[in-house]
Structure formats: C-alpha cells, structure tokens
Amino acid sequence: MSALTVLGIETSCDETAAAVVRRRADGRAEVLSSIVSSQVAAHAPYGGVVPEIAARAHVEVIDLIIRQALEAAGLWFEGLDGVAATAGPGLVGGVMVGLSAAKAISLARSLPLVAVNHLEGHAISARLDAEIAYPFLLLLVSGGHCQLLSVEGVGRCRRLGSTIDDAAGEAFDKIAKTMGLPYPGGPALERLAEGGDAERFVLPRALLGRDGCDFSFSGLKTAAARMAQGVDDPIDRRDLAAAVQAAIARQLAERSERAMVAYAREQGGLNRRFVVAGGVAANATVRRTLQASAAAHGFTFAAPPLAYCTDNAAMIALAGAKRLAEGYSDGLDAVARPRWPLDEATAASSPIHKPGRKGAKA
Ligand code: KG4
Ligand code: ZN
C-alpha cells in the first residue's frame, strides 16, 4: 500500500476545521496542514454552543477553511487521494455542512469519500504525533463524551465504561459557568486554578470503590455549584477551581485504573498502552494524574499534542486515510448522524439514555 494524502473536514460542534494529512505506507502520519476556525466568540454571549448559530457559521467559512488547508499543505485537489468528513456524532446541522462539502469535492474531483465517526477521530488523534500500536486502552474525554474503550483498530472498539450523567468536559463547562467563568469553561477553569491549593475545599468522590468503569459527575457538579455561591475572594475562587480540577482528574484516574486492570487481564498482560484523547486531555492536571496512573499499572502513556486534543480535522483526515488504506469508502448517500456510538453493539445492549449536548454519550 502506497502513501495516501487525505483532506479532512470537521464541523460537528463549534470549530470549522480542515486539514491535509499524509499517511505513509508504514502507517506513520504526517500533518501537512491543519486549520481550525473557532466560533467561540459567536457563542460566548450565550454561555454555550447554539446549534443554529454554529451551522450558519460553518456554512460561511467552510470553503475558505478548505482552501486555506490545501494552500498551507502546498497542494490542490489533484494532490489528494481522498476526502474524509465527520459524519457524526454531533450537532446535525453542522455535520451536514462539512459532509456536504466533502461529498461535493468527492463528486467533482472523483475522489473517494470517507464518512468518519468523530469519536474515531479522537481515538486515532494520538497517532498524529507518535507511533502507537494497536490494541490500546483509550480514555476519551471531551465535551460530549467520557468513555473507556478497548481499541483494536479503526472501527473496532469495545466500550468498558461510560458516563452515567455528564461528560468530563461538560462537568468542567457547567461548574465553570456556576463560578461565572466564560465559555468554554474547561480552559478558563484551568487558568483560574493555577497555583491554587486543591486540598482546601473538600468535594465528593463519586463512585469511588464502585465496581466497573462508569463515570458520574453530577454529585460533584451540585456540590461545586453550592460551594461557589459563597465564594467571592479571588484566592478562595482559585482554590475551589483547583479542587474541582483535581476532583475530576481523580475520578478519571480511579476509573481508568480499574479499566487498566480489566484490560490487562483481557490481554493476558500484554499491550499495556494507555491513551487519553479529547478536549479534556488538554488539561495539564488531568494529563499528569493519568500519566501517574498509567505508570503505577505498568502502562505506557500517550496523549495527543494540545492542538490535537480539542476538535480538529487532522484526526478526521487520519481516520479517513486509515479506512481508505483498509479498502473502505462511503457512497454519496452517507448520512449525517447526530448519534453514532463507537461501540454500537454495547451501546445497543446497554444503552445510556440521557442525551448529551453534542450527541450520544454512549
Ligand atoms: O474534544 P472537544 O474539543 O469537543 C468535543 O468533541 O466535545 O472537547 C471540548 C471540551 C469542552 O468541554 C472544554 O471545556 C474541554 O474540552 N476542555 C478542557 C480544556 N480544554 C478543553 N477542559 C479542561 N481543561 C482544558 N484545558
Ligand atoms: Zn470532539
């Protein structure tokens, strides 16, 4: 199999992104360009993503962002072997914009189309920067998802655990909002927590010691919101933010360590690789805490560079290239899916019903 150069398009939430990635014959990835246009300013006044505003904003800039990605990569459509776009899960109005753009390019330029699962993109994102062999244990922590998965390859995942209420990023965002921080709350809360004393405020430790690898953040959210009410002093606010961040990191670590034990047993002690991906993986405390968990259980640790933790199109391009290399492509009838669990079998047999802000949590 020779190298494949793929244009990736991502429009499932509030970033319009396009990227060109070359997947070499040996499987290594080379990011030729990655352009991300954030809509944060458009949504900030509302304290969260407004789907209609997001869809319109994607339409306005998608052509320009694709052009910029091709120009930055130093090539044009002739230089591509395929086009990949996020087809879900996500805000369906936005997903349709990116997927339609990809279909138009596919049709006009006779390029194979790949409809990529956004979560599959996150799952492969650490491989944009480093060689990571399959299988591996993945903690996927974003604004809409919080899952532990055993990843065998692209399109081959088994869910070990998932959130029963909020996603980790959602918990960061909602708690940040109750503390009066701007959207998106995760990075704002991390900045506020800098230098804070995480031990001064005591927050509940959800699910601690409970069997399984599921997550829950609602108790923490309620407790933090109650505490935030009486806290105005800047030092107190800093320390509360540090406590919240540490509590989220601690739960992610505790549940991940359970998953490491289960995964290692399943794999007969082999393939001890732990990968964390998604927007929350950009958080330094979360990264550090999870790295320590991995070390304690004899797992190697990998996380994407910060730019590839949050939504981007390079991860979509790489997932698409891997699919193409394996001989898969999609027809022009590929549909935009607001919900699209990575492990469809487990999601169907033990569904997690509560709808997520950005699609299926399971
Ligand atoms: O992966 P992502 O960009 O979008 C989704 O697919 O959801 O993740 C966005 C989420 C948001 O909830 C955001 O607050 C959170 O990731 N996030 C962070 C940080 N950077 C992004 N949370 C904590 N600390 C950060 N530095
Ligand atoms: Zn995402």
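Let me begin by describing the structure that accompanies this report. Along each chain, residues carry numbers from 1 onward, in the same order as the chain's sequence is written. For this description, chains carry letters from A and ligands carry numbers from 1, given in the order in which they are written. pLDDT decides what is reported in this predicted model: residues at 70 or higher carry local features, side-chain atom pairs at 80 or more are listed and counted, and totals for whole chains, interfaces and linings draw on all residues regardless. Remark: hydrogens and water are excluded; side-chain values derive from all non-hydrogen atoms of the structure.

What follows is about the site of ligand 1. To be near a molecule or strand, a residue needs just one of its heavy atoms within 4 Å of it. The environment of ligand 1 is made up of 20 residues, and the closest members are Gly-143, Asp-173, Glu-190, Asn-283 and Asp-311. Between ligand 1 and His-118, the relevant distance is 3.2 Å, taken from an oxygen atom to a side-chain nitrogen or oxygen of the residue. What qualifies as a polar contact is a pair of N or O atoms within 3.5 Å, subject to a donor-acceptor requirement within protein and to the restriction that residues adjacent in sequence count only when both atoms come from side chains. Note that an oxygen atom of ligand 1 is positioned 2.9 Å from one of the backbone N or O atoms of Asp-311. Working definition of accessibility: Shrake-Rupley area with a 1.4 Å probe, residue cover restricted to the visible protein chains. Here ligand 1 loses 92% of its free accessible area of 550 Å² to cover by the protein chains. Under the DSSP-based scheme used, a helix requires at least four consecutive residues in state H or I and a strand at least two consecutive residues in state E, with every element numbered from the N terminus. The set of elements that each furnish at least two residues to the shell around ligand 1 consists of α4 (118-124), α5 (168-178) and α6 (185-193). Note on residue categories: nonpolar means Ala, Val, Leu, Ile, Met, Phe, Trp, Tyr, Cys or Pro, charged means Asp, Glu, Lys or Arg, and polar means any other residue, Gly included. Split by residue class, the shell around ligand 1 holds five nonpolar, 11 polar and four charged.

Our focus in this paragraph is unusual backbone geometry. A negative phi holds for most residues other than glycine; trans holds for most peptide bonds. Each neighbour pair has its own omega, and for Gly-88 with Pro-89 the value is -10°, a cis peptide bond. Note on placement: Pro-89 falls in the loop between β4 (82-88) and α3 (92-109). The linkage connecting Tyr-183 with the following residue, Pro-184, adopts the cis geometry, with an omega of -5°. Position of Pro-184 relative to the elements: it lies in the loop between α5 and α6. Not every positive phi belongs to a glycine, and Ser-110 is a case in point at roughly 50°. Structurally, Ser-110 is set in the loop between α3 and β5 (113-117).

Attention shifts here to the pattern of salt bridges. Throughout this description, the term salt bridge denotes a Lys or Arg side-chain nitrogen within 4 Å of a carboxyl oxygen of Asp or Glu. Counting across every chain of the model gives 15 salt bridges. Salt-bridge contacts for Arg-255 lead to Glu-254; the nearest nitrogen and oxygen are separated by 3.1 Å. Categorising residues by exposure relies on relative accessible area from a 1.4 Å probe, with only protein chains included: less than 20% of the type maximum marks a residue as buried, more than 50% marks it as exposed, and the intermediate range marks it as partly exposed. Glu-254 gets classed as buried once you look at its relative accessible area, which sits at 18%. With a shortest N-O distance of 2.5 Å, Lys-322 and Glu-326 are connected by a salt bridge. Overlapping salt bridges, with partners in common, bring together Asp-166, Glu-170, Lys-174 and Lys-221 in one network.

The strand order across the open sheet built from five strands is β3-β2-β1-β4-β5, with neighbouring strands paired in mixed fashion. Every interior strand has two partners, whereas the edge strands, β3 (29-38) and β5, have only one. Here the strands of the sheet are splayed against their neighbours by 20° on average, with no regard to which way each runs. When DSSP locates at least two bridges between a pair of strands, those strands are taken to pair. Two elements, strand β1 (residues 4-10) and β4, share four bridges in a ladder whose sense is parallel. Across the sheet, residue Val-6 finds its bridge partner in β4, namely Gly-82. We call two residues in contact when some of their heavy atoms are within 4.5 Å. Interaxial angle, 0 to 180 degrees, is taken between N-to-C directions of lines fitted to C-alpha atoms, where a helix line uses only the stretch in contact. Strand contacts of helix α2 (residues 51-73): β1, β2 (15-23) and β3, with the helix running at about 25° to β2, the strand carrying the most contacts. Against the sheet, helix α10 (residues 314-325) makes contact with β1, β2, β3, β4 and β5, and its axis sits at roughly 135° relative to β1, the strand it touches most.

This part is about the coordination of the zinc ion (ligand 2). Coordinating N, O and S atoms are those within 2.8 Å of the metal (3.2 Å for Na, K and Ca), and as water is not part of the atoms, a site may appear to have fewer donors than expected. Protein-derived ligands of the zinc ion (ligand 2) are His-118 (NE2), His-122 (NE2) and Asp-311 (OD), with the metal-ligand distances lying across 2.0 to 2.1 Å. Labels for metal geometry use angle windows, namely 85 to 135 degrees for all angles of a four-donor tetrahedral site, and for square planar (four donors) or octahedral (six donors) sites opposite donors over 155 degrees apart plus all others within 65 to 115; sites meeting none of these are irregular. Angles of 96 to 137° at the metal separate the four donor atoms of the zinc ion (ligand 2), which places the site in the irregular class. All donor residues of the zinc ion (ligand 2) come from one chain, and their arrangement in sequence is H-x3-H-x188-D. Of this pair, His-118 and His-122 are both found in helix α4, four residues apart, which corresponds to roughly one turn of the helix. His-122 matches His-118 in its accessibility class, with the two residues each being buried.

As a further point, take the packing of aromatic side chains. Any two aromatic rings considered together are summarised by their centre-to-centre distance and by the angle between their planes. Aromatic rings from Phe, Tyr and Trp, taking only the six-membered ring of Trp, are treated as a pair when their centres fall within 6.5 Å; an angle between ring planes under 30 degrees marks them as stacked, one over 60 as edge-to-face, and anything in between as tilted. What the rule picks out here adds up to five aromatic pairs. When the centroid spacing of 5.0 Å and the interplanar angle of 65° are considered together, the rings of Trp-76 and Phe-77 count as edge-to-face. By relative accessible area, Phe-77 is classed as buried at 13%. For the ring pair Phe-274 and Phe-301, a centre distance of 6.3 Å and an interplane angle of 50° mean the geometry is tilted. Here Phe-274, found in strand β9 (residues 273-277), pairs with Phe-301, found in strand β10 (residues 300-302); they are 27 residues apart in sequence, far enough to count as distant. Judged by its relative accessible area of 1%, Phe-274 is buried. When the ring centre of Tyr-328 is taken as reference, the NZ or CZ atom of Arg-323 above it lies at 5.3 Å. Comment: the charge-over-ring label is applied if NZ (Lys) or CZ (Arg) is within 6 Å of the ring centre and within 35 degrees of the ring normal.

Moving on, we get to α6. Considered for burial, the residues of α6 that qualify are Gly-185, Gly-186, Ala-188, Leu-189 and Ala-193. The buried residues of α6 occupy an angular sector of 165° when the element is viewed end-on, so they sit on one face. Looking at the buried positions of α6, the neighbouring elements they touch are α5 and α8 (234-266). Phi for Gly-195, located one or two positions after α6, is positive at around 80°. By construction, the arc corresponds to the directions joining the helix axis to the C-beta atoms.

That's the geometry; what it means functionally is another story.
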